[in-house]
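The lines below spell out each chain.
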Amino acid sequence: MKSIKWIAVFLALLVCLSGCAGTHQSGGAYNIYLIAKSSTTEFWKAVFSGANAAKSEYNVQLTILAPDTEEDFEVQNDYIRQAVADGADAIVFSAISYTENAAAIDEAVAAGVRVVVIDSDVDSKGVSVRIGTDNVAAGRMSGEAALKTAQEKIVVGIVNAYAETQNCREREQGFREVLLGDSRVKGIYAVNVSTDALEARLAAEKLLREHPEINVLIGFNEPLAVGTAMAVDELELNGQVREIAFDTNPVCVELLQKGAVSALIVQNPYAMGYLGVETAWRSLQGERFDASSLINTPTTTITRETMFTIESQKAIFSFD
């Protein structure tokens, strides 16, 4: 009889532990906000898919917010303050502006909210965890992909986001480091535009018309990559201009197969979303992390020759 009672108690404890995995001691689920830079690109859809998977696994309440454009840091600041007012326990955050989002994040930390950064950093010492691509290293990967050409003279066109977007700045830094180490590189022309595929396409077309000697072109995030790839295709420069693109928008994947894109630098946004929510939960459970050390999610270079390998397909469709 006693053994039966002990079994009943043990089973009750198991039920409690499994049902309360993502809760406060008071019994309510942790309230986590994910504040992204956009909600429309394939990159962010994969981030949200990963975050929702972690939401289910860790039994947390998850609210996802994002501005209409990747330039509107002020809306992000409003969302941060909304999260604090709503009693958020943690914010998973990707900054549009390294500096302009900092004060709002500092306010949230001062209010007792844990902050986990994914994808793009913010200038705050209050961040608990940083997760994402090593963007300087990814920039170097894109530089190495750009240089895999038989051209004796290389002239480069860069279409990048506005300078306040930290991850794109770091990618350009790594890219330039590699290019400047090759004597074949004779010129680099760069423009900054809004994170918008149409603006990127128009800017790339203008660059290519003004500097017809350009034979390498790059866009440093998904919308910019779509725009630059479309410019190469529409100007019928496939094979003449080596286009390097970031992320796995279907347009870029199709143009990779067609030959307008020479290489994709593929991140793992699903992992960023999942780890963002998971690490926020672990932080709220009392685990401490070294915020000066990036939790690095994998990055892969995919070419037309490798795109149908199992490894490449997993990278392209990481959120399935």
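Since this is a predicted model, take the numbers as computed values, not measurements.

Draft legend 1. Spotlight on the overall build of the protein. Helix and strand counts for the protein come out as eleven helices and twelve strands. Seen through its C-alpha atoms, the protein measures out along the principal axes to roughly 85 × 45 × 30 Å. Of all 320 residues assigned to the protein, the portion counted as buried reaches 52%. Split by element, the accessible area of the protein, about 14400 Å² in all, is 52% carbon and sulfur. A gap of 6 Å separates the mean positions of the 26 positive and 42 negative side-chain charges of the protein.

Draft legend 2. Spatial organisation of the pairing of strand β1 (residues 31-35). Counted residue by residue, β1 has five buried out of five residues, so it is predominantly covered. Side chains Asn-31, Tyr-33 and Ile-35 of β1 all project onto a buried face; the interleaved residues Ile-32 and Leu-34 project onto the opposite face, where all are buried too. Direction of pairing for β1 relative to strand β2 (residues 61-65): parallel, over a ladder of five bridges. By the bridge assignment for β2, Ile-32 is matched with Leu-62. Of the crossover connections in this fold, the one passing from β1 over helix α2 (residues 42-58) to the parallel β2 is right-handed. Where β1 and strand β3 (residues 90-93) come together, four bridges link them in parallel fashion. Note on β3: the bridge partner recorded for Ile-32 is Ala-90.

Draft legend 3. A look at α2. With 17 residues, α2 should cover 24 Å at 1.5 Å per step; its first-to-last C-alpha distance of 24 Å lies within 8% of that length. Those residues of α2 that fall on the buried side of the exposure criterion are Phe-43, Trp-44, Ala-46, Val-47, Phe-48, Gly-50, Ala-51, Ala-54 and Tyr-58. As for α2, its buried residues are in contact with β1, β2, β4 (114-118), α8 (222-234) and α10 (269-284). After α2 finishes, the residue Asn-59 shows a positive phi value of roughly 55°.

Draft legend 4. Molecular detail of the sheet that holds strand β12 (residues 300-303). On the basis of which strands lie adjacent, the open sheet formed by six strands has the order β7-β6-β8-β9-β10-β12 and mixed pairing. For this open sheet the edge positions go to β7 (185-192) and β12, each flanked by a neighbour on one side alone. Neighbour-to-neighbour, the strand axes of this sheet turn through a mean angle of 15°, independent of strand direction. Across the sheet, α8 touches β6 (154-160), β8 (216-219) and β9 (242-246), and the angle it forms with β9 is around 160°.

Draft legend 5. Structural view of the pattern of salt bridges. A complete count under the given rule lists 14 salt bridges for this structure. Note that Glu-205 is salt-bridged to Arg-201, the shortest N-O span being 2.9 Å. Here the residue Glu-205 and the residue Arg-201 both occupy positions in helix α7 (residues 197-210), the gap between them amounting to four residues, near one helical turn. Judged by its relative accessible area of 16%, Arg-201 falls in the buried class. Residue Lys-258 pairs with Asp-233 through a salt bridge whose shortest N-O separation is 3.0 Å. Taken together, the residues span a long stretch of sequence, with Lys-258 in helix α9 (residues 250-258) and Asp-233 in helix α8 at a distance of 25 residues.

Draft legend 6. Seen up close, the packing of aromatic side chains. Applying the stated criterion across every chain, the model contains five aromatic pairs. Between Tyr-58 and Trp-281, the ring centres sit 4.7 Å apart and the planes meet at 40°, which makes this aromatic pair tilted. Placement of Tyr-58 in helix α2 and of Trp-281 in helix α10 is noted, with a sequence separation of 223 residues between them. Taken individually, Tyr-58 and Trp-281 each receive the classification buried, so the pair is uniform in this respect. A centroid spacing of 5.9 Å and a plane angle of 50° characterise the contact between Phe-220 and Phe-246, whose relative ring orientation is tilted. Residue Phe-220 is found in the loop between β8 and α8, and its partner Phe-246 is found in strand β9; the two are separated by 26 residues along the sequence. Of the two residues, Phe-220 and Phe-246, neither departs from the other in class, the shared state being buried. Taken together, the ring pairs in this structure connect Phe-43, Trp-44 and Phe-48 into an aromatic cluster.

Draft legend 7. Fine view of the side chain of Thr-228. As for its placement among the helices and strands, Thr-228 is situated in helix α8. Look at Thr-228 and you get buried, because its relative accessible area is 0%. At 2.8 Å, the side chain of Thr-228 forms a polar contact with the side chain of Glu-243. Once you skip the residues sitting within four places of it in the chain, Thr-228 turns out to touch Val-159, Ala-200, Ala-204, Leu-217, Ile-218, Gly-219 and Glu-243.

Quick notes on the rules
Note that residues are indexed from 1 along each chain, following the sequence as it is written. Side-chain atom pairs in this predicted model are given and counted only at pLDDT of 80 or more, local residue features only at pLDDT of at least 70, and totals for whole chains, interfaces and linings cover all residues. Each side-chain value is worked out from all heavy atoms of the structure, with water and hydrogens disregarded. Secondary structure is summarised from DSSP: a helix means a run of H or I of at least four residues, a strand means a run of E of at least two, and numbering begins at the N terminus for each. Throughout, exposure labels follow a simple rule: accessible area from a 1.4 Å probe, protein chains only, divided by the maximum for the residue type, with under 20% read as buried, over 50% as exposed, and the rest as partly exposed. Surface accessibility in these figures is a Shrake-Rupley result with a 1.4 Å probe; residues are shielded only by whichever protein chains are displayed. We treat Lys and Arg as the positive residues and Asp and Glu as the negative residues; His and chain ends play no part in the count. Where a charge lies is defined by one atom per residue type, namely NZ (Lys), CZ (Arg), CG (Asp) and CD (Glu). Paired strands are those between which DSSP finds at least two bridges. The handedness of a crossover follows from its direction of travel: if, with the strands pointing away from the viewer, the path from the first strand over the helix to the second runs clockwise, the crossover is right-handed. Here the expected span of a helix is defined as 1.5 Å times the quantity of residues minus one. Throughout, a residue-residue contact means that at least one pair of heavy atoms, one from each residue, lies within 4.5 Å. Between N-to-C directions, angles span 0 to 180 degrees; the directions come from axes that are lines fitted to C-alpha atoms, helices contributing only their stretch in contact. One speaks of a salt bridge when a side-chain nitrogen belonging to Lys or Arg is within 4 Å of a carboxyl oxygen belonging to Asp or Glu. Within 6.5 Å between ring centres, the rings of Phe, Tyr and Trp (the latter by its six-membered ring) count as paired, and their orientation is classed by plane angle as stacked under 30 degrees, edge-to-face over 60, tilted in between. Under the rule applied, a polar contact is a pair of N or O atoms within 3.5 Å (in protein, one hydrogen donor and one hydrogen acceptor; residues adjacent in sequence only if both atoms are side-chain atoms).

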